[in-house]
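Here is what each chain is made of, one letter per residue.
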Amino acid sequence: MLTFYNEHHALQAASGETAPWDEQPDAVALTLAEFERRGLGRIVTPHGVPLVSLERVHTPRYLHFLRTAWSMWNALDAAHAGQPLLPVLWPARGAAGEPEPDDLFARLGLFASDSRTPITGGTWTAARLGADCAINAAHALRLGERASFALTRPAGQHARAEGYGGGCFLNNAALAAQHLLDDGLERVAILDIARHHGHGTQDIFYARGEVLFVSIHLDPRHAYPFYAGHAGEQGTGAGLGANMNLPLLPDCGSGPWFAALETACVKLAMFRPKALVVSLGGFAPGFGLQGGDYLRIGERIAHLGLPAAFVFEGGAGQGSGAVSILEGFETAA
């Protein structure tokens with residue numbers, strides 16, 4: 001298994017919390033150490049990808065904002081230069097799509113979904129290199145690899161086409177799936193088994209039929225992102241039926257979780273994708289899964305018979321859980 005490692009994730013972590021609901025700053029280091037201990041594969045540094053690859057998922061004006069927000073902040077307010085940049089106001093509901101304002105804090109509110117995801121000096125570099133990891137991991141499948149792993153921080157599942165939040169700035173899973181489509185695959189599936197619902201990924205593909213998004217996550221009535229991830233969200237337009245949410249109650253245990261996984265796998269098999277992207281991370285605390293459960297998860301995913309790019313979504317309780325899923329996938333071949 002090729003693992004594309006974002007060695008610059010520390011640039012983001014060094015400046016403060018970036019995913020306050022579910023993150024731990026050393027999640028990548030713990031996972032990397034466990035991956036190396038088990039000898040699961042080769043670790044490589046990703047090749048840089050052109051900005052146009054990011055524009056296949058994110059809007060140009062949003063990407064320009066992410067690249068320039070930190071320098072604008074430091075030039076605007078010398079007294080607070082170097083401090084994390086957070087929004088203080090948001091547009092009224094329904095104002096999305098309006099012209100982008102010139103004021104920095106008005107622009108922050110246009111793109112940010114919460115006030116707990118700061119932009120810092122390392123944000124753009126860390127997020128951009130994380131996107132490189134994900135796209136390289138997807139491309140590895142097209143070069144004949146059975147599986148690949150993008151080990152990166154910050155996570156990406158909560159980032160929308162034109163917005164950030166939940167500790168996420170660029171949507172790595174969506175970028176991986178889009179690259180597979182652009183490289184000639186007709187259908188791609190995303191299986192999101194991170195603790196919290198990947199509402200950014202859902203939003204990006206919600207009206208598209210060539211990408212199936214299936215998510216197993218904590219019920220949003222009890223957990224972030226609260227406003228998305230309900231079972232009734234099934235897609236719209238060309239994407240109707242290409243979105244499946246399987247929300248579970250906290251501490252549900254392995255029985256309900258594996259029942260949801262089986263439902264997800266049946267849906268995936270019926271869609272007949274040519275490749276799979278797996279959003280991976282944030283299992284504990286949350287579902288109440290135990291050590292051996294993670295190997296079973298990887299084994300079941302492997303039985304789908306699809307080349308798979310695993311994308312790390314961070315989260316607490318990482319290290320052994322995520323790597324056990326990868327090991328289960330590898331040994332089931």
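About the criteria used
Residues numbered from 1 in each chain as written. Predicted model: local features only at pLDDT ≥ 70, side-chain atom pairs only at ≥ 80, totals over all residues. Heavy atoms only, no water. UniProt positions renumbered as here; feature names shortened; annotations may be inferred. Pairing = 2+ DSSP bridges. Helix = DSSP H or I, 4+ residues; strand = E, 2+ residues; numbered from the N terminus. Axes fitted to C-alpha atoms, helices over the stretch in contact; angles between N-to-C directions. Core = buried A, V, L, I, M, F, W, Y, C linked by side-chain atoms within 4.5 Å. Buried < 20%, exposed > 50% of the residue type's maximum accessible area, 1.4 Å probe, protein only.

- An unreviewed UniProt entry lists the protein chain under the name Acetylpolyamine amidohydrolase, with Massilia varians as the source organism.
- According to the UniProt record, the Cofactor (unreviewed entry) comment for the protein chain reads "Zn(2+)".
- In its Sequence similarities (unreviewed entry) section, the UniProt entry covering the protein chain states "Belongs to the histone deacetylase family."

A look at the sheet that holds strand β7 (residues 275-280)
Alright, step 1. Spatial strand order, β2-β1-β3-β8-β7-β4-β5-β6: 8 strands in an open sheet with parallel pairing. Two strands close off the open sheet at either side, each with one partner strand: β2 (42-44) and β6 (243-248). Strand-to-strand, the axes of this sheet are offset by a mean angle of 15°, without reference to chain direction.
Alright, step 2. The pairing of strand β5 (residues 211-218) with β6 spans 6 bridges and is parallel. Bridged to F213 within β6 is N243.

Re the nonpolar core
Proteins that are soluble and globular tend to have nonpolar side chains buried together.
Alright, step 1. Formed by 51 residues in total, the largest nonpolar core has its most connected members in L54, F65, L66, I119, Y164, L170 and V277.
Alright, step 2. Residue contributions to this core peak at 10 residues, all from helix α6 (residues 123-142).
Alright, step 3. Judged by nonpolar contacts, the second largest core, of 49 residues, contains F258, A260, L276 and A308.

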